[in-house]
Amino acid sequence: MPYKKLMKQNPVRTAPEPIDKTEETPSLDMERRYIGIGTSKGFAIGNAYEFVKETIDHEAAELTRKNIENEVDRFLAALHRSEKELKKIERVTTRKIGKVYSDLFQAQIMLLNDPTLIDTISLRIRTELKPAHLVIEQEFEKYLEHFINSDELFFRERASDLHDIKDRIIRNLHIRKLHSWVPEGVIVVSHHLSPADIILLSRSNIKGFATDTGGKTSHISLICKSMNIPIVVGLGNFAQKVVSGGPLVLDSTKGMVITDPTEETIEEYRMKRETAIRREADDSRHTHVQSCTKCGVKIMVFSNIDFKEELENFDSTGSDGVGLFRTENLFLDGLKPPKEAAQLAYYSEMADILTPKPLVIRLFDIGGDKLIYSPVREPNPNLGWRGIRILIDVPEILHSQLQAVIKANMHGNIDILMPMISSIEEIEFIKAELNRHHVQICSESAEMPVKPGIGAMIELPAAVELIEEISRTVDFVSIGTNDLTQYTLAVDRNNLIVQDLFEKFHPAIIRQLYRIITTAQKNHCRVSICGDMGSDPLALPFLIGCGLREFSMVSSDIPSMKAQIASFTVADCELLAKECLKLTNAASIKAKIEEFRSAKL
């Protein structure tokens, strides 16, 4: 995001300090368990290594008119050294996990070269006779304030990336070497780690990471998930309580770190790790075969993706296609809508790679806790101007995206998904615009692209109430369980205070799911699920029992889910669903499904 543009935005309110819900549970032999947020899968057993970033004592030499230009030159040289470091890290990232995340370092390089930032800091050094490190700190603090105090989780979690840039420049003012060495095979513990830290430290065959800061969608979490490295984030002040060299167990599946584990605990996690390895090997046998239940009913398993680069290893996952492509990442700098030509090239490349497999492109779902289109600040953005509302109110965004999707659909394998639908009027409006643009494009071109099918996200209670009418109006529906749970239970899924109330197995939620699936099928409307519940092994037999035959999830989860699908019969799952729908609390529902799974797997 350009420096000048950000600084022109309206100031945001100051957010209260988050409540630290980290739990410390003492047990025998001084074993202690700390609860954070697990953002990848897997377990790690090893010794802790506390990674502490160097703090620099700044020289107190006074600046004068005679030596001020030397200070500006030091600042510019630090920018140059920082750029060289980031380009090296970008190359390492591309080699390790492709361009999906290497682009974030390119964004940092762009900020280092932002003329407004450079000119502002240089001018302040010259006019105020302040040392470069002080001016850099002050300017970046202004910049960071907009991110840290934002109502948007996306911006708050990206603040750590800006901290990394600031610290990198200041370190390079002093020509200090980048600290990236740690012993082989340790579990790295730190108050804060940047994406660059994760990439560089991973060269030492790190077993896992544990950090005080970070969230589920922070870059360090996403990068670790891509590299299959267990990580637990959001541990509060855990780093202060760890001694380097001490034994640790890290359970990223549960979001738990255990210090001074007993021999029994270590053995338990050795067994879990071995079981997970064997299961992964067994799951791989199902990767390239059609997913079917034990009784032979076909189940389609699609992928949720954010970037076209994720298609590079697509065939190795056994995916049946893309059930959800989130287009929000195409927004430039988080604010500027992409041009139609850029979208057309992007969508066309994806459709070419996937054909004949389907590609479901969700229209820009901006606002709320995702990327935001404008600097408008709202008291409650999740209940405000977001999703389909922005697309209808800002037609230039909608029109360019519809035209790009239509023109890209030369193979006929693209469908459109509408976000945050709450009324039939919204659907009819988008359908009319789609028809109009398709007719116009076909009349102006010798090529005749196929009109995409159109679907609706079912993620609001209003859409559930209208499912009869919606499923007769669209070609397909896709259930977004994250927002559906949030809006049904009135629980902000990003609010730590009420996080324990965000329960996707709440009776109200599973009854909604049953109603959506059965109604859509009755009206011959395809129905899939693309929220987190779609990749939850616990939910799988219940959803099959409700009649769901299409799932969309993170690609890495597909082999495991296909293996489990092969263990169930539809008849058994239907009986399970009926029993669950009679229960009145989430604990009983989950216990019933666990009992079922234990008997079948």
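All values derive from a computational prediction rather than experimental measurement.

Colleague: Quick one: what's the story with the overall build of the protein, residue by residue and with numbers?
Modeller: Counting its secondary structure elements, the protein contains 21 helices and 17 strands. In the protein, buried positions account for 54% of the 601 residues. By sequence separation, contacts in the protein at least 24 residues apart represent 69% of the contacts at least 6 residues apart. Total accessible area on the protein is roughly 26600 Å²; 54% of this is exposed by carbon and sulfur atoms.

Colleague: Got a sec to walk through the side chain of Thr317? Specific residues and values, please.
Modeller: Tracing the sequence through the fold places Thr317 in the loop between β10 (300-305) and β11 (322-326). By relative accessible area, which is 13% here, Thr317 ends up buried. A polar atom in the side chain of Thr317 sits 2.7 Å from the backbone oxygen of Phe314. Within the structure, the side chain of Thr317 is placed 3.3 Å from the backbone nitrogen of Ser319, a separation counted as a polar contact.

Colleague: Before we move on, could you go through helix α4 (residues 115-128) and cite the residues and values that matter?
Modeller: Between its terminal C-alpha atoms α4 stretches 19 Å, which fits the 20 Å expected from 14 residues at 1.5 Å a residue. Listing the buried residues of α4 in full gives Leu117, Ile118, Ile121, Ser122, Arg124 and Ile125. For α4, the angular spread of the buried residues around the axis is 160°, confining them to a single face. Looking at α4, the residues exposed on the side facing more than 90 degrees away from the buried face are Pro115 and Leu123. Sitting at the head of α4, Asp114 places a side-chain oxygen 2.9 Å from the backbone nitrogen of Thr116. Leu129 sits one or two residues past α4 and shows a positive phi near 55°.

Colleague: Outline the pairing of strand β14 (residues 453-458), listing residues and values.
Modeller: The element β14 is extensively covered by neighbouring structure, given that 6 of its 6 residues are classed as buried. Both faces of β14 are covered, namely the face carrying Gly453, Gly455 and Met457 and the face carrying Ile454, Ala456 and Ile458. Sheet analysis places strand β13 (residues 414-418) next to β14, joined by 4 bridges and oriented parallel. Residue Met418 lies in a different strand from β14, and its bridge partner there is Ala456. Taken together, β13, helix α13 (residues 424-444) and β14 form a β-α-β motif whose crossover is right-handed.

Colleague: How would you sum up the packing of helix α17 (residues 507-522) against helix α20 (residues 570-582)? Please name residues and give values.
Modeller: Orientation of α17 relative to α20, taken along the N-to-C sense of each, is 135°, at an axis distance of 9 Å. One way to sum up the angle between α17 and α20 is to call them oblique. Two packed elements cross with a definite hand, and for α17 against α20 that hand is left-handed. Mapping the contact onto sequence places Ile510, Arg511 and Tyr514 in α17 and Cys580, Leu581 and Lys582 in α20. When grouped by side-chain class, the residues that make up the contact of α17 with α20 number 4 nonpolar, no polar and 2 charged.

Colleague: Explain the nonpolar core residue by residue, including any values.
Modeller: Core analysis: the largest hydrophobic core is formed by 87 residues, its most contacted members being Met418 and Ile470. The element contributing the most residues to this core is helix α12 (residues 395-408), with 7 residues. Not counting residues up to four positions away in its chain, the partners in contact with Ile470 are Ile421, Ile424, Ile427, Ala456, Ile458, Ala463 and Val477. Ranked by size, the runner-up nonpolar core spans 51 residues in total, among them Ile109, Val186, Leu193 and Val233.

Colleague: Hey, could you go over the pairing of strand β17 (residues 550-553) for me, with residue numbers and the actual values?
Modeller: Taken residue by residue, a regular strand's side chains alternate between the two faces of the sheet. Neither face of β17 is open: one carries Glu550 and Ser552, the other Phe551 and Met553, and all of them are buried. Bridge analysis of β10 against β17 gives 4 bridges, and the strand direction is parallel. When the sheet's bridge partners are listed, Ser303 is paired in β17 with Met553.

Colleague: I'd like a rundown of the environment of Ser528, residues and numbers included.
Modeller: Here Ser528 is to be found in strand β16 (residues 526-529). Residue Ser528 is classed as buried on the basis of its relative accessible area, which comes to 9%. Separated by 227 residues in the primary sequence, Ser528 and Val301 place their C-alpha atoms 9.4 Å from one another. When near neighbours in sequence (up to four residues on either side) are disregarded, Ser528 contacts Val477, Ser478, Ile479, Leu548 and Glu550. Among the polar contacts made by the side chain of Ser528, one reaches the side chain of Ser478 at a distance of 3.3 Å.

Colleague: How would you summarise helix α19 (residues 558-565) if you had to cite specific residues and measurements?
Modeller: Among the 8 residues in α19, 8 count as buried, and that is most of the element. Considered for burial, the residues of α19 that qualify are Ile558, Pro559, Ser560, Met561, Lys562, Ala563, Gln564 and Ile565.

Colleague: If you had to explain the packing of α20 against helix α21 (residues 586-600) to someone new, which residues and values would you point to?
Modeller: Two elements in contact, α20 and α21, have axes whose closest approach is 10 Å; the angle formed by their N-to-C orientations is 160°. Here α20 is positioned roughly antiparallel relative to α21, judged by the angle of their axes. α21 is crossed by α20, and the crossing has right-handed handedness. Side by side, α20 and α21 meet where Asp572, Cys573, Leu576, Glu579 and Cys580 of the first sit next to Ile589, Lys592, Ile593, Phe596 and Lys600 of the second. Within the contact of α20 with α21, the residues separate by chemical class into 6 nonpolar, no polar and 4 charged.

Colleague: How would you explain the packing of aromatic side chains if you had to name every residue and give the values?
Modeller: With the rule as written, the count across this model stands at 5 aromatic pairs. Ring geometry for Phe325 versus Tyr346: centroids 5.9 Å apart, planes at 10°, classification stacked. Taken as a pair, Phe325 in strand β11 and Tyr346 in helix α10 (residues 340-354) lie far apart in primary sequence, 21 residues in all. Of the two residues, Phe325 and Tyr346, neither departs from the other in class, the shared state being buried. Ring centres of Phe325 and Tyr347 lie 6.5 Å apart, and the angle between their planes is 80°; this geometry places the pair in the edge-to-face category. With Phe325 in strand β11 and Tyr347 in helix α10, this pair connects stretches of sequence that are 22 residues apart. Residues Phe325 and Tyr347 agree in their burial class; the two are buried.

Colleague: Help me get a handle on unusual backbone geometry, residues and values and all.
Modeller: Omega for the peptide link from Thr355 to Pro356 comes to 10°, which places this bond in the cis form. Position of Pro356 relative to the elements: it lies in the loop between α10 and β12 (359-362). Located in the positive-phi region is Asp260, a residue other than glycine, with phi close to 45°. With respect to the secondary-structure elements, Asp260 resides in the loop between β9 (256-259) and α9 (263-283). Owing to a relative accessible area of 39%, Asp260 belongs among the partly exposed residues under this scheme.

The rules behind each value
- Residues numbered from 1 in each chain as written.
- Predicted model: local features only at pLDDT ≥ 70, side-chain atom pairs only at ≥ 80, totals over all residues.
- Heavy atoms only, no water.
- Helix = DSSP H or I, 4+ residues; strand = E, 2+ residues; numbered from the N terminus.
- Buried < 20%, exposed > 50% of the residue type's maximum accessible area, 1.4 Å probe, protein only.
- Contact = heavy atoms within 4.5 Å.
- Areas by Shrake-Rupley, 256 points an atom, 1.4 Å probe, with all protein chains shown as cover.
- Polar contact = N/O pair within 3.5 Å; in protein donor to acceptor, adjacent residues only side chain to side chain.
- Expected span 1.5 Å × (residues − 1).
- Arc of directions from axis to C-beta.
- Pairing = 2+ DSSP bridges.
- Right-handed = clockwise from strand over helix to strand, strands pointing away.
- Axes fitted to C-alpha atoms, helices over the stretch in contact; angles between N-to-C directions.
- Parallel < 35°, antiparallel > 145°, perpendicular 65-115°, else oblique.
- Left-handed = near helix turned anticlockwise from the far one by under 90°.
- Nonpolar A, V, L, I, M, F, W, Y, C, P; charged D, E, K, R; others polar.
- Core = buried A, V, L, I, M, F, W, Y, C linked by side-chain atoms within 4.5 Å.
- Phe/Tyr/Trp six-rings, centres within 6.5 Å; stacked < 30°, edge-to-face > 60°.

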